[in-house]
Amino acid sequence: MKTKTNTILFRFIFFLPLYIYLSLATYAEEITFSAKKMSGNTGSKNDTISLLGKAHIETESISISADSITLQDTNYRYIIAEGTVICNDKQTGMDFTCQKILYDRNNKTVILQNEVHLTDQTNNVYAEAQRIDYNQNTQTAILQIAVTLKQKDNTCSSAYAIYYKQTQLLELDGNPTIIQGNDTFNAQQIRLNMDTQEITLIGNVNGTVTTETKQSQSETSKTPDHTAITDGETYNEH
């Protein structure tokens, strides 16, 4: 199916037992999709395509699978997917799962809602939140509500977080905590450099770190020594 013209209104409704595979050329980007059922209209001021039943859609930069997918607005700017949603950023390899997604093809922004899971296998980063706003251009993810992120030996939790994939930086806010091995860090704000493992604590800093000390020269075993952190800004595991 080619791109719409401005003078012809073309309406279509498909209810087929087999999958539908169609392609839409929208300006410089091609959209390919498949589903068990499809309905919609094109050529009007508000183009709409609704896909139902094992719906799948792909653009040059993103791949989305869901129970239902809707393409809408002029030139199919928005893609809305609901149900069991699986999303892949084809350019960076970032993977997401959630219950609802809104993708803006013009701005390359993704809003993911309800039980959102983020996986960045390249950097061994795994995160969960109730909402994630992801920008494909900047490769930045804003995580909100019940945030948990794991990377290497770090387990991070907060109400709000920003993950910068390109620079491998993580900013935590809203009662943030980082557990790094046997060490625990709390503050008003926490920054983690995922490459160097350096932690920066800002405001109301507290936590505990565990060091190993020999009991005597003849003993080979080491006993943990717990040290409380009550004031300070930066801690580096190494």
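The structure this text deals with has already been given above.
Basis of the calculations
- Residues numbered from 1 in each chain as written.
- Predicted model: local features only at pLDDT ≥ 70, side-chain atom pairs only at ≥ 80, totals over all residues.
- Heavy atoms only, no water.
- Helix = DSSP H or I, 4+ residues; strand = E, 2+ residues; numbered from the N terminus.
- Buried < 20%, exposed > 50% of the residue type's maximum accessible area, 1.4 Å probe, protein only.
- Contact = heavy atoms within 4.5 Å.
- Pairing = 2+ DSSP bridges.
- Salt bridge = Lys/Arg side-chain N within 4 Å of Asp/Glu carboxyl O.
- Core = buried A, V, L, I, M, F, W, Y, C linked by side-chain atoms within 4.5 Å.

A. Spatial organisation of the side chain of Q139. Here Q139 shows up in the loop between strand 8 (125-135) and strand 9 (140-151). Exposure remark for Q139: the relative accessible area of 16% places this residue in the buried category. Setting aside its immediate chain neighbours within four residues, Q139 contacts T92, Y134, Y163, Y164, K165 and Q166.

B. Local environment of unusual backbone geometry. At Y76, a position not held by glycine, the phi torsion is positive, near 55°. Along the chain, Y76 turns up in the loop between strand 4 (62-72) and strand 5 (78-89). On the basis of relative accessibility, which here comes to 4%, the residue Y76 falls in the buried class. For A146, which is not glycine, the phi dihedral falls at a positive 50°. By secondary structure assignment, the location of A146 is in strand 9.

C. Highlighting the pairing of strand 14 (residues 189-193). Going residue by residue along strand 14, you find I190 and L192 tucked away on one face and Q189, R191 and N193 left uncovered on the opposite face. Sheet topology places strand 11 (residues 169-173) next to strand 14; five bridges connect them, and they run antiparallel. Pairing of L172 across the sheet is with I190, part of strand 14. Note: strand 14 against strand 15 (residues 198-202), four bridges, orientation antiparallel. Note that in strand 15 the partner of R191 across the bridge is T200.

D. Seen up close, the pattern of salt bridges. Applying the stated rule across the entire model yields four salt bridges. Notably, a salt bridge pairs D104 with R77, separated by 2.9 Å at the nearest N-O pair. Of this pair, D104 sits in strand 6 (residues 95-104) while R77 sits in the loop between strand 4 and strand 5; the two residues are 27 residues apart in sequence, bridging distant segments of the chain.

E. Structural detail: the environment of E60. For E60, the position within the fold is in the loop between strand 3 (48-58) and strand 4. Classification of E60 as exposed rests on a relative accessible area of 52%. Placed 30 residues apart in sequence, E60 and E30 show a C-alpha to C-alpha distance of 7.0 Å.

F. Representation of the nonpolar core in the model. Counting 51 residues, the largest nonpolar core has I64 and I69 as its most contacted members. The contacts of I64, once residues within four sequence positions are left out, are A55, H56, I57, I69, I79, A81, V85, I86, C87, I101 and Y103.

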